[in-house]
Amino acid sequence: MSAEKNLYEALRWLRTGKDDLEAAIVLRKNSKFPHACFHAQQAGEKALKAVWYYADADPWGHSIRKLIEDLEGVDMSLYDQVKSLLRAGTVLDRFYIPTRYPNGLPELTPAEAYQDEDAEQCILQATEILAAVKSILAGNDGDIAK
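My aim in this report is to walk through the structure given alongside it, one point at a time. (Residues numbered from 1 in each chain as written. Predicted model: local features only at pLDDT ≥ 70, side-chain atom pairs only at ≥ 80, totals over all residues. Heavy atoms only, no water.)

### Observations regarding the overall build of the protein chain
For the protein chain, the helix and strand inventory stands at 7 helices and 0 strands. Seen in sequence order, the protein chain has helices and strands lined up from the N terminus as α-α-α-α-α-α-α. Taking 146 residues into account, the globule formula puts the C-alpha radius of gyration at 15 Å, and the protein chain, at 15 Å, falls close to it. Put simply, the protein chain has 146 residues, and 43% of those count as buried. Counted over contacts in the protein chain with a minimum sequence separation of 6, partners at least 24 positions apart contribute 61%. Split by element, the accessible area of the protein chain, about 7900 Å² in all, is 52% carbon and sulfur. When the 17 basic and 23 acidic side-chain charges of the protein chain are each reduced to a single mean position, those positions are 3 Å apart. (Helix = DSSP H or I, 4+ residues; strand = E, 2+ residues; numbered from the N terminus. Rg over C-alpha atoms; globule rule 2.2 N^0.38 Å. Buried < 20%, exposed > 50% of the residue type's maximum accessible area, 1.4 Å probe, protein only. Contact = heavy atoms within 4.5 Å. Areas by Shrake-Rupley, 256 points an atom, 1.4 Å probe, with all protein chains shown as cover. Lys, Arg positive; Asp, Glu negative; His and termini not counted. Charge placed at Lys NZ, Arg CZ, Asp CG, Glu CD.)

### Here's the deal with the packing of aromatic side chains
Under the counting rule described, the total for this entry stands at 3 aromatic pairs. Look at F38 and Y96: their rings are 6.1 Å apart centre to centre, the planes differ by 40°, and that puts the pair in the tilted class. Taken together, the positions of F38 in helix α2 (residues 33-54) and Y96 in the loop between α5 (86-93) and α6 (110-113) put the pair 58 residues apart, joining distant regions of the chain. (Phe/Tyr/Trp six-rings, centres within 6.5 Å; stacked < 30°, edge-to-face > 60°.)

### With respect to α2
With 22 residues, α2 extends 32 Å between its outermost C-alpha atoms, agreeing within 8% with the 32 Å of an ideal straight helix rising 1.5 Å per residue. The buried fraction of α2 is high, at 19 of 22 residues. (Expected span 1.5 Å × (residues − 1).)

### Description of the side chain of K49
The residue K49 is located in helix α2 in this model. In this structure K49 comes out as buried when scored by relative accessible area, which is 9%.

### Regarding helix α7 (residues 116-138)
Helix length check: α7 (23 residues) gives 32 Å between terminal C-alpha atoms against 33 Å at 1.5 Å per residue, within 8%. Those residues of α7 lying buried are A119, C122, I123, Q125, A126, I129, L130, V133, I136 and L137. Elements in contact with the buried residues of α7: α1 (3-29), α2, α3 (64-71), α4 (76-82) and α5.

### With respect to the nonpolar core
Ranked by size, the top nonpolar core spans 41 residues in total, and within it I68, I129, V133 and L137 carry the most contacts. Where this core is concerned, the elements lending two or more residues are α1, α2, α3, α4, α5 and α7. Of all the elements, α2 adds the most residues to this core, at 10 residues. (Core = buried A, V, L, I, M, F, W, Y, C linked by side-chain atoms within 4.5 Å.)

Function cannot be inferred from these measures alone, as they are strictly geometric.
Below, the structure is given as structure tokens:
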């Protein structure tokens, strides 16, 4: 794809990640903590995939940490800009499966296991990732602040 099309696709993924983050915030406010955690993870994942599309590469998988690590082999400059997000990605990855399935946790349902502080932490980590990705893409299109 052309650089313009790559940026366009990256922005679509970033906007979708932003929507997921907004959903996480609403879910937290309504005490749906496991769902808030999951949507925050999705926000981070989609933001990282935006970086991959920007690099004209096809992301694979759902692990934010792996998406960051594997970017090293795709575009070293972009990797250098996101490697500081490894901790945030690792935190969010822990909320991908057990927030949705009762067999992801021994003897508990997700609603019993996850609390407000979990949702708060996930939202903070996702916010950090989205801000970093937005900054990367803004360096190439000053009008993405919407």
